[in-house]
Amino acid sequence: MAALPKFSPGRRLVLRCVLWAALWEAGAGQIRYSVPEEIDKGAFVGNIAKDLGWEPLALAERGVRIVSRGRTQLFALNPRSGALVTAGRIDREELCAQSARCAVTFNILLEDKMTIYSVEVEITDINDNSPRFGVEELELKVSETTTPGFRIPLKSAHDVDVGENTLQKYELNSNDHFSLDVRRGADGNRYPELVLERALDREEEAVHHLVLVASDGGNPVRSGTCRIRVKVLDANDNAPVFTQPEYRVSVPENMPLGTRILTVTATDADEGYNAQVSYFREQAPGETADVFELKSTSGDITIMKSLDYEKAKYHEIDIEAQDGPGLLTRTKVIVTVLDVNDNAPEFYMTSATSSVLEDSPPGTIIALFNVHDRDSGQNAFITCSLPEKLPFKLERSVDNYYRLVTTGALDREEFSFYNITLSAKDGGNPSLSTDAHLFLQVADINDNPPIFPRASYSAYVLENNPRGTSIFSVLAHDPDSDDNARVTYSLAEDTLQGAPLSSYISINSDTGVLYALRSFDYEQFQDLQLWVIAVDSGHPPLHSNVSLSLFLMDQNDNIPEILYPAVPTDGSTGVELAPRSAEPGFLVTKVVAVDKDSGQNAWLSYRLLKASEPGLFSVGLHTGEVRTARALLDRDALKQSLVVAVQDHGQPPLSATVTITIAVADSIPEVLADLGSIRNPTNSEDSDLTLYLVVAVAVVSCVFLAFVIVLLALRLRRWHMSHLLQASRDGSRGIHASNFVGVDRMHAFLQTYSHEASLTADSGKSHIIFPQPNYADTLISQESCVKKDYLSAPQSLLDAKGEETPQVMDFSQY
Ligand SMILES: *[C@@H]1O[C@H](CO)[C@@H](O)[C@H](O)[C@H]1NC(C)=O
Ligand SMILES: *[C@@H]1O[C@H](CO)[C@@H](O)[C@H](O)[C@H]1NC(C)=O
């Protein structure tokens, strides 16, 4: 404690009392003073001179001093005034410690008298020390399980002052849990103790801060403090607590494996090991068990097996949290699986037909099917569609059932089958779709007749064909199928020249190949009209027909036939007369021949093959007229013999010969007279007579015949003229030359004499007579005309009709 430089009024009073005490003591031989500790150096303690009755001025001369035994002098003496003052600061606690009374004694020596005086100075205590604790801060550890009433001794405080100035009381700051109790020990000291008033809870307050104050009784009061930290030790009195009573999480089903979906957290209010929480699954058997994994340290829940909304929409996981010593809590995690559009729609064909008749009416049901999507909500909202431009539509029924029906007529001949693609699309994003293929056959009905590719056919066949030759074939096509397209062929019933057509021609009912049942003869008929009927095998059958014109083509199969002069049947030959007076060019006779063929094959030419007198007669190449080539002379033999050959122009040509005997004479008697020379000298008399008779009869006959012929020719001419006029009136221009393909043999013969040519239409309905100024050329003109027309006819016919080249069967093949 610092010295007091000035005394307060109270203090002066104390000093006066002390002084008075000192005076009172001097009488007894000892001078006593009292001085408070910690007073300033040089502070006045007492006046020795005055108290001993000395002259203060004489003190120095008398040699007065303080005698000490080697100790530090606490006081000093002023020899002039005799005042005793402090030599330094005095600490009572240092001098006397805890003693209740503290006094310093020393002697004062008066040298002149060698007198010793005893002086005692009592040093009084002032409150210059505070109570002091050994430590400033005290840490206590108390388990939270400690029961109230528990006492904890505390460190006590010390105050070196004495009396009232020393430690008087302890005080504890106010708090909820602790109180202070102070006990007095046997030595009279006070010992503070902390008493637990209320149970502790570490979780509520882990550390309690207390302040213990020790105070003395001085004036002013001094105090010392000690901070007490009461640490509450943990006990495992808390179980872990989950942050949520129940966890809910929604996870899309396509979440990848290993994804953490949730972390459960449990906290434990305790600490350390008591708060070390681990997580465990309450193993419930079932699917969920291996779908999720729980990390026991972190509480992370991850996906271990892929989720499938379609299998399980919810998963429940029971989880326990356990702290170190084993207290546990449970919670539940509910995982809601969210649907993802991971399933495409599926088709379920309830019933379907694989074939439909082509005449099915619109609205015919083809199929009934169901579409289903295993997803849910919008992801399972399905729309079905068909490709456009198909004669089908979809009709929606209940519960995603659809009917596929026809919308229009079907035609197997156009589309024989349909591969219908049904598309189902769900409403997800992105949406998934599925295609189904429905194969539908269109069943045939017999709605198409067989069809011939052409409106009519023409065929050309050489005559003399072998029997059984195939001459033509037709083919009809039926667009239907199977039986409805199986075509059989037949010929329409007809007759030809009184005989049924079927005796001439037959048709292979399967192939349509036509066969000739006979060898045809152009000279019998030139053409044939038939109808080929094609019928399919449907129910009912449908048929169609086509006309076929069969034209025969001529072959050179007839030898020219010599009509005149007739070949004698009895070995004799006719004799022609040539008057000796005849001029050159005189028509002696005419060889008349016909050829049954036509055209080139019937075009005849005449040649003089042999003559008994060469150069006397000539034969018209085309007329067959035998004329004199020069004037007849007397030396010319009466009987001339000619061999004339008639040849057609066929390939190869055919020919015939005739021998003509000409008698050169002016009259028949002359002829007869000459006959003997004509006849072969080797002949008998008998035969000569016969010859004469025959010649006579022949001549008569000839004259008669000539008369009759001339008469007939005149009649025919008149009749022909009237027809010619009528024909030209009927439009003879329309008659095609090709119609005139034949030569009426009777006419040909007559024409030789009538000098007319008659061309007749083969139909026989119309005749045209061409007056011939050159009467000798009848047959030739007619035949060249026929030839030309015949060759050009088919081509012009084709040009007019626009058809293909006519089909001619080649017989060499058969
Ligand atoms: C139908 O068409 C689909 C594809 O266009 C094809 O895969 C399927 O084989 C077809 N079905 C039939 C029977 O031809
Ligand atoms: C050919 O068909 C037509 C019409 O289809 C028919 O009028 C005619 O009678 C048929 N002719 C024959 C010969 O069947």
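Residue numbering note: each chain is counted from 1, following its sequence as written. Going through the entries in the order they are written, you letter the chains from A and number the ligands from 1. With pLDDT at 70 or above as the cut-off, local features in this predicted model cover only qualifying residues; side-chain atom pairs require 80 or more to be listed or tallied, and sums for whole chains, interfaces and linings still use all residues. Processing note: side-chain calculations cover all non-hydrogen atoms of the structure and skip hydrogens and water entirely.

### As for the overall build of the protein chain
Part 1: The number of helices and strands found in the protein chain is eight helices and 54 strands.
Part 2: Remark: exposure states derive from per-residue accessible area (1.4 Å probe, protein chains only) relative to the maximum for the residue type, with buried under 20%, exposed over 50%, and partly exposed in between. Per-residue burial over the protein chain gives 40% buried out of 814 residues.
Part 3: Of the roughly 43400 Å² of accessible surface on the protein chain, a fraction of 54% belongs to carbon and sulfur atoms. Helix and strand assignments follow DSSP, with helices taken as H or I runs no shorter than four residues and strands as E runs no shorter than two, numbered in order from the N terminus. Note that accessible areas follow from Shrake-Rupley with a 1.4 Å probe, and for residues the cover is restricted to the protein chains shown.

### Thoughts on the site of ligand 1
Part 1: For this description, a residue counts as near a given molecule or strand if any of its non-hydrogen atoms is within 4 Å of it. Around ligand 1, the neighbouring residues are Asn419, His437 and Phe439.
Part 2: Whenever a nitrogen or oxygen atom comes within 3.5 Å of another N or O atom, the pair is scored as a polar contact, on the condition that within protein one atom can donate a hydrogen and the other can accept it, and that pairs from neighbouring residues in sequence are kept only if both atoms are in side chains. At a separation of 2.3 Å, an oxygen atom of ligand 1 approaches a polar side-chain atom of Asn419.
Part 3: For ligand 1, the protein covers 35% of the area, taking 360 Å² as the surface of the free molecule.

### Regarding the sheet that holds strand β45 (residues 587-590)
Part 1: With antiparallel pairing, the three strands of this open sheet are ordered in space as β45-β49-β48. Strands at the two margins of the open sheet, each flanked by one partner only, are β45 and β48 (617-619). Within this sheet the neighbouring strands show an average axis-to-axis angle of 20°, counted without direction. Two strands are said to pair when DSSP picks up at least two bridges between them. For every element, the axis is a line fit to its C-alpha atoms; helices are fit only across the contacting stretch, and the angle between N-to-C directions ranges from 0 to 180 degrees.

### Some points on the sheet that holds strand β7 (residues 115-124)
Part 1: On the basis of which strands lie adjacent, the open sheet formed by four strands has the order β1-β7-β6-β3 and mixed pairing. Because the sheet does not close on itself, it has two edges, and the strands there are β1 (30-36) and β3 (64-67). Strand-to-strand twist of the sheet, defined as the mean angle between neighbouring strand axes without regard to direction, takes the value 30°.
Part 2: Bridging between β3 and strand β6 (residues 103-110) involves four bridges; their strand directions are antiparallel. Looking across to β6, one finds that Arg65 is bridged to Leu109.

### Some words on the pattern of salt bridges
Part 1: A pairing counts as a salt bridge when a side-chain nitrogen of Lys or Arg comes within 4 Å of a carboxyl oxygen of Asp or Glu. A complete count under the given rule lists 31 salt bridges for this structure.
Part 2: Across the pair Lys169 and Glu171 runs a salt bridge whose closest N-O atoms are separated by 3.7 Å.
Part 3: The partly exposed category is assigned to Lys169, whose relative accessible area is 43%.
Part 4: Linking Glu282 and Arg330 is a salt bridge whose minimum nitrogen-to-oxygen distance equals 3.1 Å. Residue Glu282 is found in the loop between β21 (278-281) and β22 (292-294), and its partner Arg330 is found in strand β25 (residues 328-338); the two are separated by 48 residues along the sequence.
Part 5: Each of the salt bridges in this network shares a partner with another, and the network as a whole consists of Arg32, Arg101, Glu120 and Glu122.

### What to know about unusual backbone geometry
The phi torsion of most residues other than glycine is negative, and most of the peptide bonds are trans.
Part 1: Residue Pro220 follows Asn219 across a cis peptide bond; omega there is 0°.
Part 2: By secondary structure assignment, the location of Pro220 is in the loop between β15 (207-216) and β16 (223-233).
Part 3: Backbone torsion omega between His539 and Pro540 reads -5°, so that peptide bond is classified as cis.
Part 4: Inspection of the secondary structure assignment puts Pro540 in the loop between β41 (527-536) and β42 (543-553).
Part 5: Although it is not a glycine, Gln497 sits at a positive phi angle of roughly 50°.
Part 6: Note that Gln497 resides in the loop between β37 (495-496) and β38 (499-500).

### Description of the state of the cysteines
Part 1: In plain terms, two cysteine sulfur atoms within 2.5 Å form what is called a disulfide here. The tally for this structure, following the rule as stated, stands at one disulfide.
Part 2: A disulfide bridge connects Cys96 with Cys102, and the sulfur atoms are separated by 1.5 Å. Handedness of the Cys96-Cys102 disulfide follows from its S-S torsion of about 60°: it is right-handed.

### Observations concerning the packing of aromatic side chains
Part 1: Centres within 6.5 Å are what make two rings of Phe, Tyr or Trp a pair, Trp counting through its six-membered ring; a difference in plane orientation under 30 degrees is then read as stacked, over 60 as edge-to-face, and the rest as tilted. By the definition in use, this model includes 15 aromatic pairs.
Part 2: When the ring of Tyr504 is compared with that of Phe525, the centres are 5.7 Å apart and the planes differ by 85°; the resulting orientation is edge-to-face. Of this pair, Tyr504 sits in the loop between β38 and β39 (505-507) while Phe525 sits in the loop between β40 (513-516) and β41, and the two are 21 residues apart along the sequence.
Part 3: Overall, the relative accessible area of 3% leaves Tyr504 in the buried class.
Part 4: Aromatic rings pair up to connect Phe452, Tyr457, Phe472 and Tyr489 into one cluster.
Part 5: Note on geometry: a ring has a charge over it if NZ (lysine) or CZ (arginine) is within 6 Å of the ring centre and within 35 degrees of the ring normal. Directly above the aromatic system of Tyr309 lies the positively charged group of Lys313, at a separation of 4.8 Å from the ring centroid.

### Some points on the site of ligand 2
Part 1: Residues in contact with ligand 2, as listed here, are Ala492, Trp531 and Asn545.
Part 2: The protein chains hide 32% of the 350 Å² of surface that ligand 2 would expose on its own.

### Section: the nonpolar core
What tends to happen in soluble globular proteins is that the nonpolar side chains get buried as a cluster.
Part 1: In this text, buried Ala, Val, Leu, Ile, Met, Phe, Trp, Tyr and Cys residues form a nonpolar core when linked through side-chain atoms within 4.5 Å. Judged by nonpolar contacts, the single largest core of 30 residues is most densely connected at Phe452, Ile471, Tyr489, Ile505, Leu514 and Phe520.
Part 2: Val35, Ala43, Val45 and Ile90 belong to the second-largest nonpolar core, a separate cluster that totals 24 residues.

### Some details on the environment of His315
Part 1: Its place among the elements puts His315 in strand β24 (residues 314-322).
Part 2: According to the relative accessible area criterion, His315 is buried, its value standing at 4%.
Part 3: C-alpha of His315 to C-alpha of Val337: the two residues are 22 residues apart in sequence and 7.9 Å apart in space.
Part 4: Leaving out residues up to four positions away in the same chain, His315 has contacts with Thr288, Val291, Phe292, Leu307, Val333, Ile334, Val335 and Val337. Residue contacts follow a heavy-atom distance rule, with two residues in contact if any of their heavy atoms lie within 4.5 Å.

### Here's the deal with the confidence of the model for the protein chain
When pLDDT drops low, the exact placement of atoms in the prediction is not to be read closely.
Part 1: Residue-level pLDDT values for the protein chain average 81, and 81% of them are 70 or greater.
Part 2: What pLDDT conveys is the predictor's confidence in a given residue, as a value from 0 to 100. Residue range residues 731-814 is modelled with pLDDT below 50. Its contacts to residues more than four positions away, or to other chains, number 127 contacts.

### Let's talk about the environment of Ile451
Part 1: Take Ile451: it is sitting in the loop between β33 (433-443) and β34 (456-462).
Part 2: A residue is classified by how much of its surface remains accessible, and Ile451, at 46% relative accessible area, is partly exposed.
Part 3: Considering only alpha carbons, one finds Ile451 and Ala534, 83 residues apart in sequence, at a separation of 8.0 Å.
Part 4: Setting aside its immediate chain neighbours within four residues, Ile451 contacts Leu475, Ala476, His477 and Ser544.

### A look at a negative patch on the surface
Part 1: Any residue with relative accessible area above 30% and no salt bridge may belong to a patch, with like charges joined within 9 Å and the nonpolar Val, Leu, Ile, Met, Phe, Trp and Tyr side chains within 5 Å. Residues scored as charged are limited to Lys and Arg (positive) and Asp and Glu (negative), so that His and the chain ends carry no count. The atom standing in for a charge is NZ when the residue is Lys, CZ when it is Arg, CG when it is Asp and CD when it is Glu. Judged by side-chain charge, Asp359, Asp411, Glu414 and Asp447 come together as a negatively charged surface patch.
Part 2: The class for Asp359 is partly exposed, based on a relative accessible area of 47%.

### Notes on the side chain of Thr331
Part 1: As for its position among the elements, Thr331 is in strand β25.
Part 2: Only 3.0 Å separates the side chain of Thr331 from the backbone oxygen of Pro245, close enough to count as a polar contact.
Part 3: If we skip the residues at most four places from it in the chain, Thr331 touches Phe242, Gln244, Pro245, Glu246, Tyr247, Ile317, Asp318 and Ile319.

### A look at the pairing of strand β30 (residues 392-396)
Part 1: Looking at chain direction, β30 and strand β31 (residues 401-406) are connected through five bridges and run antiparallel. Pairing of Leu394 across the sheet is with Leu404, part of β31.

### Section: the side chain of Glu625
Part 1: Examined against the element boundaries, Glu625 turns out to sit in strand β49 (residues 625-628).
Part 2: One polar contact links Glu625 to Arg627, side chain to side chain, over a distance of 2.8 Å.

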